[in-house]
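Listed here are the chains, written in short residue letters.
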Amino acid sequence: MAYLWYKAFHLIGVVVWFAGLFYLVRLFVYHAEATQEPEPAQTILKKQYEIMEKRLYNLITTPGMIVTAVMAIGLISTETDVLKDGWLHFKLLLVAILIGYHFYCGRLMKKLAANECKWTGQQFRALNEAPTVLLVLIVLLAVFKGSLPLNATVFAVAGLIIAMVVTIQLYAKKRQQDKLKLAAESGQEKT
């Protein structure tokens, strides 16, 4: 019965943690793009994003990570033989990378607050895709365990990454076209 409780709260922690990571970097996008706004909007937006980022990171994302890790330890303690399985070692490596990503986001958050971060909104959009790839791999490992079809997985993850890159590039192109169209329309209104 303990296993099921650990598993339930592990899954809840994972959902909370990933929701926080996805939204946090989306806030970084808006924060970075706020520098393009005129004053006083720029200062107001940046201050608001700083508050939102800190609250999200400290009150949702980090507790989600802690619950995930503690419940994972609980799960492993109920089935210690799983520590011998290679799939779990790889999953734990991916989780370690994800924890590094989590703390790197905390560092970026501090740099944004100090106006020391030079990342663009486009770069943050790309960064926001990293946890998606990790999530897919971690879930596949957890579901398939030792029977994960490697060829299909590599193909699917490569396809996912290519789709993400193409989507980000198309979105950047669309945003640029929208800016040009808006500039042209405002130029026509002035004449």
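Let us look at the structure shown here. The structure displayed is predicted, hence computed values, not measured ones. (Residues numbered from 1 in each chain as written. Predicted model: local features only at pLDDT ≥ 70, side-chain atom pairs only at ≥ 80, totals over all residues. Heavy atoms only, no water.)

Bringing the overall build of the protein into the picture now. The number of helices and strands found in the protein is 6 helices and 0 strands. When its helices and strands are written in sequence order, the protein yields α-α-α-α-α-α. The globule rule puts the C-alpha radius of gyration for 191 residues at 16 Å, and the 20 Å found for the protein is more than 25% above it. By principal-axis analysis of the C-alpha atoms, the protein measures approximately 75 × 35 × 25 Å. Residues classed as buried in the protein amount to 32% of the 191 residues present. In the protein, 79% of the contacts between residues at least 6 apart in sequence involve partners at least 24 apart. In the structure as shown, the protein presents an accessible area of about 11,900 Å², 68% of it carried by carbon and sulfur atoms. Looking at the protein, you have 20 positive and 13 negative side-chain charges, and the mean spots of the two groups are 2 Å apart. (Helix = DSSP H or I, 4+ residues; strand = E, 2+ residues; numbered from the N terminus. Rg over C-alpha atoms; globule rule 2.2 N^0.38 Å. Buried < 20%, exposed > 50% of the residue type's maximum accessible area, 1.4 Å probe, protein only. Contact = heavy atoms within 4.5 Å. Areas by Shrake-Rupley, 256 points an atom, 1.4 Å probe, with all protein chains shown as cover. Lys, Arg positive; Asp, Glu negative; His and termini not counted. Charge placed at Lys NZ, Arg CZ, Asp CG, Glu CD.)

The relative placement of two packed helices is expressed as an angle between their axes plus a distance between the axes. Here helix H1 (residues 2–33) crosses helix H2 (residues 41–78) at 155°, and the two axes come no closer than 7 Å. Overall, the two elements H1 and H2 adopt an arrangement that is roughly antiparallel. Note on packing geometry: the crossing formed by H1 with H2 is left-handed. Taken together, the residues that form the contact of H1 with H2 break down as 23 nonpolar, 10 polar and 4 charged. (Axes fitted to C-alpha atoms, helices over the stretch in contact; angles between N-to-C directions. Parallel < 35°, antiparallel > 145°, perpendicular 65-115°, else oblique. Left-handed = near helix turned anticlockwise from the far one by under 90°. Nonpolar A, V, L, I, M, F, W, Y, C, P; charged D, E, K, R; others polar.)

Taking 1.5 Å of rise per residue, 15 residues should cover 21 Å, and helix H5 (residues 130–144) covers 21 Å from first to last C-alpha, within 8% of that figure. Regarding H5, the residues found buried are Pro 131, Val 133, Leu 134, Leu 137, Ile 138 and Leu 141. Projected down its long axis, H5 shows its buried positions confined to an angular sector of 160°, all on one face. Residue Lys 145 follows H5 closely and has a positive phi angle near 55°. (Expected span 1.5 Å × (residues − 1). Arc of directions from axis to C-beta.)

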